[in-house]
Amino acid sequence: MNAPLPKAPINWIAVFALVFLPIVAIIAIPLYAYHHDFSVSAWVSMFVLLGVSSLGITAGYHRLWAHRAYEATLPLKIILMLMGTFAVQNSILFWASGHRTHHRHVDDIDQDPYSINNGFWYAHIGWMLRNYPAAEANYKNAPDLLKDKVVMFQDKYYVPLVIAVHAAILLPIGWATGDMWGVLLLGGLMRLILSHHVTFFINSLCHMWGKRPYTDENTARDNFWLAIATWGEGYHNYHHIFQYDYRNGVKWWQYDPTKWLIWSCSKLGLAKNLRRIPSFNIKKAELAMKFKYAEQDLAVYGHNVTEDISTVKSRIAQEYDAFSQTLNDWTKLKELEIQAKKASMAEKIHQMDDKLKVEFQLVEQRLAHHRAALNLLVRNLKKNPASN
Ligand SMILES: [Zn+2]
Ligand SMILES: [Zn+2]
């Protein structure tokens with residue numbers, strides 16, 4: 001794809017965690033299974049603890065600390081920090097700062113720490129095995145994290161914390177279930193390896209497989225199957241355009257357990273100020289992409305059109321005009337809303353809000369109508385290109 005990256009010095013700690021441990025697992029787990037068999041509780045511990053460590057990364061490292069998509073109380077921060085520590089993916093400070101760089105320079109082969117344009121292997125795991133300059137720690141983009149006591153405590157005592165968290169979680173479970181080695185091997189080792197690759201898939205496959213309903217300006221994809229594997233992070237196309245939203249699966253029916261966890265924490269008073277991108281902005285992005293795809297379809301299928309292609313073109317143009325008109329209406333409404341907030345006091349704002357709510361609904365209905373019309377147009381064009 002691109003010229004091979006110049007070799008950087010090997011990161012031996014990463015090689016130990018990401019290469020040596022899996023080799024140990026491949027040998028030790030079948031061997032133990034052959035001689036002793038794993039208890040059901042050891043298997044259960046693996047699945048439950050996979051959730052614990054993965055959600056520590058998705059809800060904590062990623063959505064809370066890297067993106068500030070919501071605010072957490074101190075107890076929740078401590079819990080998420082410990083869960084994330086259990087996933088062994090370096091400190092919050094290093095992880096979240098690097099992830100901000102990924103969003104800022106996404107796909108850039110020199111500046112995105114895990115750019116997919118350097119290939120699957122590099123984006124998945126290779127970027128960690130050597131000390132490449134793109135992934136070098138630089139906390140200029142993380143002044144907020146440098147002030148966060150929980151983050152800085154974890155960064156300072158990272159290695160002892162990793163050991164302590166593993167002992168505090170695995171030993172009591174092993175003791176209680178009477179299958180210490182089973183829990184250490186499945187709930188400890190195997191769970192750690194699975195949890196690593198679950199996160200790594202977000203950087204590799206989520207930039208390769210799936211659809212791009214919101215933007216095609218980067219490689220990030222939306223993929224339901226990857227969402228299942230990654231605790232909701234598979235809606236990565238949405239995430240790259242609206243990174244501050246606490247949801248990645250933004251539609252209510254999309255599988256995003258991390259969003260459900262954060263929402264539940266907010267209901268329990270442990271989290272607040274959950275950030276949501278206004279639905280209008282989301283629809284706007286979606287619709288703009290639909291127009292773009294419609295134009296691309298036209299370019300492909302248009303060659304087969306024997307008759308009047310200008311009719312189709314003008315219909316799409318008309319739809320686009322109607323859409324732009326709706327957008328203008330909405331912008332005006334938004335300005336009115338802002339002015340009302342500045343100019344007058346509570347009562348007036350309340351009245352205005354009520355009025356706006358109704359008008360927003362109308363605007364949204366029109367948007368839905370345009371979308372349906374456009375879908376129909378494209379479907380007909382694909383089904384029967386020559387008749388258009
Ligand atoms: Zn990404
Ligand atoms: Zn992100």
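Below you will find a few notes about this structure. (Residues numbered from 1 in each chain as written. Chains lettered and ligands numbered in written order. Predicted model: local features only at pLDDT ≥ 70, side-chain atom pairs only at ≥ 80, totals over all residues.)

## Here we look at the overall build of the protein chain
Tallying secondary structure elements over the protein chain gives 15 helices and two strands in all. Within the protein chain, the fraction of its 388 residues that count as buried is 36%. (Helix = DSSP H or I, 4+ residues; strand = E, 2+ residues; numbered from the N terminus. Buried ≥ 20, exposed ≤ 12 C-beta atoms within 10 Å, placed from the backbone.)

## Some remarks on the nonpolar core
Counting residues in hydrophobic clusters, the biggest one holds 42 residues, and the most contacted among them are Trp-65, Ile-92 and Ala-96. Counting residues per element, the ones that place at least two in this core are helix H2 (40-66), helix H3 (74-85), helix H4 (92-104), helix H8 (158-177), helix H9 (180-203) and helix H12 (257-267). For this core, the element with the highest residue contribution is H2, accounting for 12 residues. Once residues lying within four places of it in the same chain are set aside, the contact partners of Trp-65 are Gly-60, Ile-92, Ala-96, Leu-145 and Val-151. By size, the runner-up hydrophobic cluster in this structure holds 15 residues, among which are Tyr-214, Tyr-235, Tyr-238 and Ile-241. (Core = buried A, V, L, I, M, F, W, Y, C linked by C-beta atoms within 7 Å. Contact = placed C-beta atoms within 7 Å.)

## Observations concerning helix H5 (residues 120-129)
Residues of H5 that are buried include every one of Tyr-122, Ala-123, His-124, Trp-127 and Met-128, and no others. Each element contacted by the buried residues of H5 is listed here: helix H1 (12-35) and H9.

## Here's the deal with the packing of H8 against H9
Following both chains from N to C, one finds H8 and H9 inclined at 135 degrees, their axes separated by 8 Å at the closest point. Taken together, the axes of H8 and H9 are oblique relative to one another. Crossing of H8 against H9: the hand is right-handed. Contacts between H8 and H9 pair His-166, Leu-170, Ile-173, Gly-174, Trp-175 and Thr-177 from the former with Met-180, Val-183, Leu-184, Gly-187 and Gly-188 from the latter. (Axes fitted to C-alpha atoms, helices over the stretch in contact; angles between N-to-C directions. Parallel < 35°, antiparallel > 145°, perpendicular 65-115°, else oblique. Left-handed = near helix turned anticlockwise from the far one by under 90°.)

## Points about unusual backbone geometry
With phi around 70 degrees, Asn-90 is a residue other than glycine that occupies positive phi space. Mapping Asn-90 onto the fold places it in the loop between H3 and H4. In this structure, Asn-273 is a non-glycine residue whose phi angle is positive, near 50 degrees. Secondary-structure assignment places Asn-273 in the loop between strand S2 (271-272) and helix H13 (279-301). For Asn-273, a count of 11 C-beta atoms within 10 Å corresponds to the exposed category.

## Notes on the environment of Leu-192
Mapped onto the secondary structure, Leu-192 falls in helix H9. Leu-192 sits 170 residues away from Pro-22 along the chain, and the two C-alpha atoms are 9.3 Å apart. If we skip the residues at most four places from it in the chain, Leu-192 touches Leu-21 and Val-88.

## A short note on the packing of H1 against H5
Two elements in contact, H1 and H5, have axes separated by 8 Å at closest approach and are oriented at 140 degrees. One finds that H1 runs oblique with respect to H5. For the pair H1 and H5, the contacting residues are Ala-14, Val-15 and Leu-18 in the first and Ile-125, Met-128 and Leu-129 in the second. Residues belonging to the contact of H1 with H5 are distributed by class as follows: six nonpolar, no polar and no charged. (Nonpolar A, V, L, I, M, F, W, Y, C, P; charged D, E, K, R; others polar.)

## Topic: H12
Buried within H12 we find Thr-258, Lys-259, Ile-262 and Cys-265. All buried residues of H12 lie within an arc of 125 degrees about the axis, which places them on one face of the element. Pointing more than 90 degrees away from the buried face of H12 are the exposed residues Ser-264 and Lys-267. On its buried face, H12 is in contact with H2, H3 and S2. Gly-269 sits one or two residues past H12 and shows a positive phi near 80 degrees. (Arc of directions from axis to C-beta.)

## Concerning the environment of Gly-249
Looking at where Gly-249 falls in the secondary structure, it is placed in the loop between helix H11 (236-241) and H12. Between the alpha carbons of Gly-249 and Ala-227 there is a distance of 8.2 Å; along the sequence they are 22 residues apart. With near-sequence residues (within four places) excluded, Gly-249 lies in contact with Ala-227, Gly-232, Tyr-235, Gln-254, Tyr-255, Asp-256 and Lys-259.

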